[in-house]
Amino acid sequence: EGAVRFEDVRFGYDPAREILKGISFDVPPGKSVAIVGPSGAGKSTVSRLLFRFYDIQSGRILIDGQDIAGVQQESVRAAIGIVPQDTVLFNDTITYNIRYGRIGAREAEVRRAAELAQIAGFIQELPDGFDSMVGERGLKLSGGEKQRVAIARTILKAPPILVLDEATSALDTHTEQEIQTALDLVSKERTTLTIAHRLSTIIDADEIIVLKSGEIVERGSHRELLEAD
Ligand code: ADP
Ligand code: ADP
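The rules behind the values
Residues numbered from 1 in each chain as written. Chains lettered and ligands numbered in written order. Predicted model: local features only at pLDDT ≥ 70, side-chain atom pairs only at ≥ 80, totals over all residues. Heavy atoms only, no water. Axes fitted to C-alpha atoms, helices over the stretch in contact; angles between N-to-C directions. Helix = DSSP H or I, 4+ residues; strand = E, 2+ residues; numbered from the N terminus. Parallel < 35°, antiparallel > 145°, perpendicular 65-115°, else oblique. Left-handed = near helix turned anticlockwise from the far one by under 90°. Contact = heavy atoms within 4.5 Å. Pairing = 2+ DSSP bridges. Buried < 20%, exposed > 50% of the residue type's maximum accessible area, 1.4 Å probe, protein only. Arc of directions from axis to C-beta.

Draft legend 1. Structural view of the packing of helix H4 (residues 107–116) against helix H6 (residues 143–157). With their axes 8 Å apart at the nearest point, H4 and H6 run at an angle of 125 degrees to one another. One finds that H4 runs oblique with respect to H6. The two elements H4 and H6 cross, and the hand of that crossing is right-handed. Touching Glu-109, Val-110, Ala-113, Ala-114 and Leu-116 of H4 are Ala-152, Ile-155 and Leu-156, all from H6.

Draft legend 2. Examining the sheet that holds strand S5 (residues 66–67) more closely. Across the sheet, four strands lie side by side as S2-S1-S4-S5; this open sheet has antiparallel pairing. Across the chains shown, the open sheet's two edge strands, defined by having one partner strand only, are strand S2 (20–27) and S5. Here strand S1 (residues 4–11) pairs with strand S4 (residues 58–63) via five bridges, running antiparallel. Residue pairing across strands places Val-4 opposite Ile-63, the latter belonging to S4. Contacts from helix H1 (residues 43–50) reach S1, S2 and S4, with the element oriented near 115 degrees to S1.

Draft legend 3. Geometry of H4. When H4 is considered as a whole, its buried residues turn out to be Val-110, Ala-113 and Ala-114. One side of H4 holds all its buried residues, which, seen down the axis, span an arc of 100 degrees. Where H4 is buried, its residues meet helix H3 (94–99), helix H5 (120–124) and H6.

This is how it looks when you write it as structure tokens:
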């Protein structure tokens, strides 16, 4: 469960300007693939296409062997959890923000997710605890704290597929390492697509794909790519 496959995918926001020029890759169930490459290469476009935000011009995108072009967008989105670069929290309580997408989750499950994301201690020390209001009109959380809330939300949602889109790139080095530890926990044994600028932030992907100007220019293990440099 959770297999992702891109087959010769071609796409341009404007059909006259191709952004992805025929890319193919597989993320087998439970495995992780990382896409690295310079800004503008088309990395975020890959994740937007996986969510079916746009229709592709040719090729196929499959989830569990099924072409997503024929699947309801809500079902596609339900199968995927994303931790973006900058999490924007809703103007609501921390509990609401963690529970989002799984409204029926019990209080104990919310707390457990916060513990796994290593933010439960921080929340408990707030005057209103899990009922503290966050977002633009509430408590201002740091970038790392917001990422942990997003991770807790993803842990609770427990999607078969996880997309990490530059999830640590807005953080300082120390926070980045802490968040990476939490992310490793979430992605363990879950089908994961990681998007990053730099190879150095990818630690343990089963395959790394280097994307440049919408084309895959290299692929291999971490070691193979470092040796090729
Ligand atoms: P990356 O994530 O590798 O930085 P993106 O996938 O965000 O790259 O962008 C790839 C190219 O697509 C860039 O040239 C960018 O300007 C263009 N692009 C991204 N989003 C849009 C959009 N909504 N409309 C038109 N062009 C876009
Ligand atoms: P992200 O998910 O990385 O925040 P954005 O949608 O903000 O992606 O944009 C990614 C890149 O695509 C940026 O470089 C942005 O300037 C470019 N871009 C976004 N929308 C358009 C657009 N309508 N036309 C051209 N480029 C765009």
